[in-house]
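# Commentary on secondary and tertiary structure
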Amino acid sequence: MSFEPKILGILCNWCSYAGADLAGTSRRAYAPNLRAVRVMCTGRVEPTFVLKALRSGADGVLIAGCHPGTCHYQSGNHKALRRVTLLKKLLTQLGVEPDRVRIEWVSASEGEQWARVVNELTERIRKLGPFRPLSLLRGTG
Amino acid sequence: MGKVKLAMHAAAGCGGCDVSVLDLHERILEVAGAAELLFWPMFCDGSVKDLEEYPDRHLDASLFNGAIRNSEDEHMARLLRQKSRVLVAFGSCAHLGGIPGLANLNSLEELLRVVYQDTPSTVNPKKSRPTELYWMPPGELRLPRMHGQVLALDEVVRVDQYLPGCPPAVEQLWALLRAIVQSELPPPGAVVGASNIALCDECERSKGEKRIKAFRDLASFVPDPEVCFLEQGVICCGPATRSGCGGRCGKANMPCRGCYGPPDDVEDQGAKLLSSIASVIDSDDPAEIGRIVEQVRDPAGTFYRYSLPSAFLSGACREEAS
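Residues numbered from 1 in each chain as written. Chains lettered and ligands numbered in written order. Predicted model: local features only at pLDDT ≥ 70, side-chain atom pairs only at ≥ 80, totals over all residues.

### Details of the interface of chain B and chain A
Across the contact, 34 residues belong to chain B and 27 residues belong to chain A. Elements with a minimum of two residues in the side of chain B that touches chain A: β8 (146-151), α9 (269-279), α10 (286-294) and α11 (299-303) of chain B. It is α9 of chain B that provides the largest number of residues to the side of chain B that touches chain A, a total of 7 residues. Partitioned by chemical class, the residues of the side of chain B that touches chain A number 19 nonpolar, 8 polar and 7 charged. (Contact = placed C-beta atoms within 7 Å. Helix = DSSP H or I, 4+ residues; strand = E, 2+ residues; numbered from the N terminus. Nonpolar A, V, L, I, M, F, W, Y, C, P; charged D, E, K, R; others polar.)

So, in C-alpha cells, the structure goes:
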C-alpha cells in the first residue's frame, strides 16, 4: 500500500484558516492529507503541540499564520517563527528531519497559495516517509 | 512502634543521591534510630539474595535513585517494587531519566563505539567490546545487558512517590523520611518535596521585560546577581522547572539547570522551556532569528538536561538498523 502522509495543520483564525476556506470555496483541488486545527493566533502554538502531534502519529506539522506585519495581535506570528526556528534545531538533534515541520504565511486572500503550500509539504513528507520514532517502539525486555 | 524498614538502591546514576543522604549530618543518627536500613549497597550490608528472600511488601519504603540503563537496573527495580510497600523515585534520574537519559540522543552502537574505540585515551586494537557472557575457569561470568534506551523508573514499574532533584534538597529529603516514619505520605503518584509552581515565581532576582539579541556563555562574563538570567542572555531553566530546591543554583549565581523537572501541568519540560527561551529573542527578521538561535549550541542537552527519557520524542530516532 502506498504511503499517505498524515499532516497536522495548525492555522491562525484571521489569515490562514480563512485562506484555506477560500481555497475550498474557490473549488481548488489539493492534497487531502492535512487535518486542520484552528487557533486564534500562531503565537498560541506551543512547541509541545508539534512534538505531541509527531508522537501521536503525525508525519508532519504545518503551522500557518498571517504574513509578517499583518498579525491580528501584532507579533504572534513573529513569536511562532522564533519558536519554530529553535524547534527545528532541536528536532535535528533528536534525529527528526526538520523538514517535517514547516511554518508558512498564508493570508485570507491566498487560497491558491494555501493549496500550493499543502501540496508541497505533502510531497516533501511523502519523500521523507512515515515518521516512526524508535522511542515509541522501544521495549525494555 | 517497631523501626521502619528502609532500602536505598542506586541504578544508572552518579552515586550523588546516596551521598546526599549524608548531608543530613547529625540527623542521620535520628534516621538510624527510627529506621532499619535493610539494603543500601553504598553504605551498609545486605545482599540482593537477602532481599529476594524477604516476603513481598516486607520493606516499608525503598528509595530508588538512578535511571534504568540495563537489565540489572530493571531487575532491581522490579525486585524492590515487589518487596516494598512504598517505592520512591529518588532524584532526577529515577524521576525523569536524568543526565544518563541524554544517552538516548545516540544509538547504543554509537555509545559503545565512542567508549570502547574512539576516545583518545583508549587503546583497543582488537576492538573488544564487553559481552554478556564470558567463559573462564571456574565458570561463566555474566554482565547485565544494556537496553537500547535509558528509561525513567516509572516506565518500568509503578512508582508511589517522586522526590525530584539532582540531588534532592536535603530539607526535602528530611521531610520525606519523616513522612515515611510517621506514615504520612501523600497519595500515590505525588511529587513530594517540591511545589507546583515554576522556579521563576520564587526567584528573588529583578524581572523586567525580556528582549535579547544574543545568548551569552557563562564562561565569558559574570552575570549580575540581582537581575534575571534570561534578561542577561543566559539560558535559565526556571520558567519550566518546578520550585522546591530553594533556588540553590541561582543563589550561587548560576542559572537553573532544570533538575526538579516540570510542574504538574507541563507534559514536556524541554518543549515548554524551548517555547519560553525562543520568545525572548528580540528580532522579527528570519535571518537574524536564525543567527541568534545558532547561539543555542545544544538545545536538546539544555532543555532536556534531566528529562529526555520522559519527553514526547526521546531521541534516538536515527538509531541504526540492527
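From this point, things continue past the structure.
### What about the sheet that holds strand β3 (residues 60-65) of chain A?
Residue and element names in this part refer to chain A. Read across the sheet, 4 strands follow the order β2-β1-β3-β4 without closing on themselves; strand pairing throughout is parallel. Looking along the sheet, the strands with just one partner apiece sit at the ends: β2 (34-39) and β4 (101-105). Each strand axis lies, on average, 20° off the axis of its neighbour in the sheet, ignoring direction. The sheet contact formed by β3 and β4 spans 5 bridges and is parallel. Paired with Ile 63 across the bridge in β4 is Ile 103. (Pairing = 2+ DSSP bridges. Axes fitted to C-alpha atoms, helices over the stretch in contact; angles between N-to-C directions.)

### A few points about unusual backbone geometry
Look at the link from Pro 137 of chain B to Pro 138 of chain B: it is a cis peptide, with omega at 5°. Residue placement: Pro 138 of chain B occurs in the loop between β6 (133-136) and β7 (139-142). Between Cys 166 of chain B and Pro 167 of chain B the backbone carries a cis peptide bond, its omega angle lying at -5°. With respect to the secondary-structure elements, Pro 167 of chain B resides in the loop between β9 (161-163) and α7 (170-181). Here Arg 27 of chain A, not a glycine, exhibits a phi torsion of approximately 55°, which is positive. Along the polypeptide, Arg 27 of chain A turns up in the loop between α1 (16-25) and β2. One non-glycine residue, Asn 253 of chain B, lies in the positive phi region at around 60°. Topologically, Asn 253 of chain B is positioned in the loop between α8 (248-251) and α9.

### Things to note about the pairing of strand β1 (residues 7-12) of chain A
Residues and elements named next belong to chain A. Most of β1 is tucked away: 6 of the 6 residues are buried. Burial along β1 is two-sided: Ile 7, Gly 9 and Leu 11 and Leu 8, Ile 10 and Cys 12, pointing in opposite directions, are all buried. Taken together, the 6 bridges between β1 and β2 define a ladder with parallel strand orientation. The residue of β2 that forms the bridge with Leu 8 is Arg 35. Following the backbone out of β1, through α1 and into the adjacent parallel β2, one traces a crossover that is right-handed. Alignment of β1 against β3, held across 5 bridges, turns out to be parallel. The residue bridging Leu 11 from the neighbouring strand is Ala 64, located in β3. (Buried ≥ 20, exposed ≤ 12 C-beta atoms within 10 Å, placed from the backbone. Right-handed = clockwise from strand over helix to strand, strands pointing away.)

### Describing the domain arrangement of chain B
Many authors give the size of an interface as the accessible area that is lost as the parts come together. All names here are of chain B. Per the domain assignment, the segments of chain B are domain 1 (4-100 + 150-191) and domain 2 (199-310). Counting from both sides, the interface comprises 15 residues of domain 1 and, opposite them, 13 residues of domain 2. Contributing elements (two or more residues each) for the side of domain 1 that touches domain 2: α5 (91-96) and β8. Looking at which element gives the most residues to the side of domain 1 that touches domain 2, the answer is α5, with 3 residues. (Domains from an automatic or database assignment.)

### Considering the nonpolar core
Soluble globular proteins tend to pack their nonpolar side chains together in the buried interior. Formed by 127 residues in total, the largest nonpolar core has its most connected members in Val 61 of chain A together with Phe 64 of chain B. No other element matches the 7 residues that helix α3 (residues 76-93) of chain A contributes to this core. Here this core gathers at least three residues from each of two domains, domain 1 (4-100 + 150-191) and domain 2 (199-310) of chain B. Ignoring any residue separated from it by four or fewer positions in sequence, one finds Phe 64 of chain B in contact with His 9, Ala 11, Ala 77, Leu 80, Leu 87, Val 88, Ala 89, Phe 90, Ala 94 and Leu 153 of chain B. (Core = buried A, V, L, I, M, F, W, Y, C linked by C-beta atoms within 7 Å.)

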